[in-house]
Amino acid sequence: YNISHSSDIKIDKFCNKHMIIQQIVHKAMDLRQQLIHICNKILLSSDHKLSAEFSPPSKVESIGLRQVLLSGFCDCIAKRLPVGSIELHSNDKHISRRKRLTAYLSCDPNIVEPLYIHPHSALYPKDPTSELPEYVLYTSLIKNDRGDTTYMNCVTVINSSWIPLLTNDSPLLKWSEPLDSPSPYYDNESDNIMGYVKPKYGCHDWEFPPVTKPLVECVVYSINNKQSAVLSIDNSPIGYRKVDLHYRWFGKLLLEGSIIKEELSSILCKSNYNITMNMIIDMKPNINIQSFLNALVINKIYTKKNLLKAKKK
């Protein structure tokens, strides 16, 4: 139904028929007109003017809209509680079957009570045993008249794989130390040593499958968080410290031939020819290895670009 060119009377009739609040629709239309005007005036050329027509978003656009909401409401994520998490009785009060089967828990440490999808939501399950999305986000919370139930407003389904990718700036997102397996690898496109880490989110430390991140970012994260106190008193030689992890793996992968294809003799001095890849990762003291890693750290060589720049010098 296209209401972009309809009269106010037609819009009000449409809203009454479908139980939609008229003021919200009018505000949405006004906001759309403002955005169209701004885009047409500033961002778009005369050949690509936006239309005021309301058309349903495509599948790709729908996913994009949900991802935008996630990035903006990253502290309003809720996860469905496993069945059995809420007991039949609590504080001498009987907990209904619906509440026990449809409860969610917020990522926000200040919200400790169970949350529920509002009965007016399209996602509200008429049958409490029906399947519910594992992760949702909400824009606000509201209590019922009795004050014993907290409902989520404007609930949107989100994909769990989006959370670690779109909430990088949130303090609720935490990362594990780089995993030993799978091993880090060199990504030629980004010119980075990539490692696998496990993301955790929210005050309940919800775990997600491992994702890849540049090792240098993992080191910076460690320095800026609770591990920093340990790192500051690390008395290991340069190259063997925890903060040098990305240099060690760069050295290993360089010797392995994963970073450059040319002969290493044009880059390495003779004393480094006999260093094996595993000797670097095994952290066994060795004069040649220490000299090799020390050169990488001092010259900040942990990318191919920096390596070639140092070679020119």
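Our subject is the structure that appears above.
From a predicted model like this one, the values you see are computed outputs, not experimental measurements.

## Considerations on the packing of helix α1 (residues 8-17) against helix α2 (residues 22-43)
Okay, so step 1: Orientation of α1 relative to α2, taken along the N-to-C sense of each, is 130°, at an axis distance of 9 Å. When the axes of α1 and α2 are compared, the pair comes out oblique. Handedness of the crossing formed by α1 with α2: right-handed. Residues Asp8, Ile11, Asp12, Cys15 and Asn16 of α1 form the contact with α2, whose own contacting residues are Gln22, Val25, His26 and Met29.

## Considerations on empty space enclosed by the protein
Okay, so step 1: Across all of its chains, the model carries 1 cavity of 30 Å³ or more by this definition.
Okay, so step 2: Its boundaries defined by the atoms lining it, the largest cavity holds a volume of some 40 Å³.
Okay, so step 3: Around the largest cavity, the lining residues are Trp175, Ser176, Glu177, Pro178, Val197, Lys213, Cys218, Tyr221 and Ser222.
Okay, so step 4: With 3 residues, the single largest contributor to the lining of the largest cavity is helix α6 (residues 215-224).
Okay, so step 5: The residue inventory of the lining of the largest cavity, partitioned by class, reads 5 nonpolar, 2 polar and 2 charged.

## Considering the nonpolar core
Okay, so step 1: Judged by nonpolar contacts, the single largest core of 21 residues is most densely connected at Ile193, Phe250, Leu254, Ile259 and Leu296.
Okay, so step 2: Of all the elements in the fold, those that place two or more residues in this core are α6, α8 (245-256) and α10 (287-298).
Okay, so step 3: Here the element with the most residues in this core is α8; it accounts for 7 residues.
Okay, so step 4: With residues up to four places along the chain from it excluded, the contact list for Phe250 reads Ile193, Ile259, Leu296, Ile301, Tyr302, Thr303, Lys304 and Leu307.
Okay, so step 5: Listed in part, the 19 residues of the second largest apolar core include Leu172, Tyr201, Phe208 and Cys218.

## Side note on the packing of aromatic side chains
In this description, an aromatic ring pair is defined by two values, namely the gap between the centres and the angle between the planes.
Okay, so step 1: Considering all chains together, one arrives at 4 aromatic pairs under this definition.
Okay, so step 2: Pairing Tyr185 with Tyr196 gives two aromatic rings, centres 6.1 Å apart and planes at 50°, and the pair type is tilted. One end of the pair, Tyr185, is in strand β11 (residues 185-187); the other, Tyr196, is in strand β12 (residues 192-197), and 11 residues separate them in sequence.
Okay, so step 3: Assessed through its relative accessible area of 31%, Tyr185 is described here as partly exposed.
Okay, so step 4: Sitting over the face of the ring of Trp175, Lys213 holds its NZ or CZ atom 4.5 Å from the ring centroid.

## Considerations on the pairing of strand β1 (residues 77-80)
Okay, so step 1: Examined bridge by bridge, β1 and strand β6 (residues 135-137) share 3 bridges and lie antiparallel to one another. What sits directly across from Ile77, in β6, is Leu137.
Okay, so step 2: Where β1 meets strand β4 (residues 104-106), 3 bridges bridge the pair, whose relative direction is antiparallel. Counterpart to Arg80 in the pairing with β4 is Tyr104.

## Quick look at the pairing of β12
Okay, so step 1: Of all 6 residues in β12, 5 are buried; the element is thus mostly enclosed.
Okay, so step 2: When β11 meets β12, the two strands line up antiparallel, connected through 3 bridges. Paired with Tyr186 across the bridge in β12 is Ile193.
Okay, so step 3: In textbook terms, the turn of a hairpin is the stretch between consecutive antiparallel strands, and for β11 and β12 this stretch comprises 4 residues, one of which, Asp191, has a positive phi near 55°.
Okay, so step 4: Looking at chain direction, β12 and strand β15 (residues 211-214) are connected through 4 bridges and run antiparallel.

Reading the values: rules and limits
Residues numbered from 1 in each chain as written. Predicted model: local features only at pLDDT ≥ 70, side-chain atom pairs only at ≥ 80, totals over all residues. Heavy atoms only, no water. Axes fitted to C-alpha atoms, helices over the stretch in contact; angles between N-to-C directions. Helix = DSSP H or I, 4+ residues; strand = E, 2+ residues; numbered from the N terminus. Parallel < 35°, antiparallel > 145°, perpendicular 65-115°, else oblique. Left-handed = near helix turned anticlockwise from the far one by under 90°. Contact = heavy atoms within 4.5 Å. 1 Å grid on protein atoms, 1.4 Å probe; cavity = no way out; pocket = protein on both sides within 12 Å on 5 of 7 lines; lining within 4 Å. Points joined across faces, edges and corners; volume = space filled by probe spheres on them. Nonpolar A, V, L, I, M, F, W, Y, C, P; charged D, E, K, R; others polar. Core = buried A, V, L, I, M, F, W, Y, C linked by side-chain atoms within 4.5 Å. Buried < 20%, exposed > 50% of the residue type's maximum accessible area, 1.4 Å probe, protein only. Phe/Tyr/Trp six-rings, centres within 6.5 Å; stacked < 30°, edge-to-face > 60°. Lys NZ or Arg CZ within 6 Å of the ring centre and 35° of its normal. Pairing = 2+ DSSP bridges.

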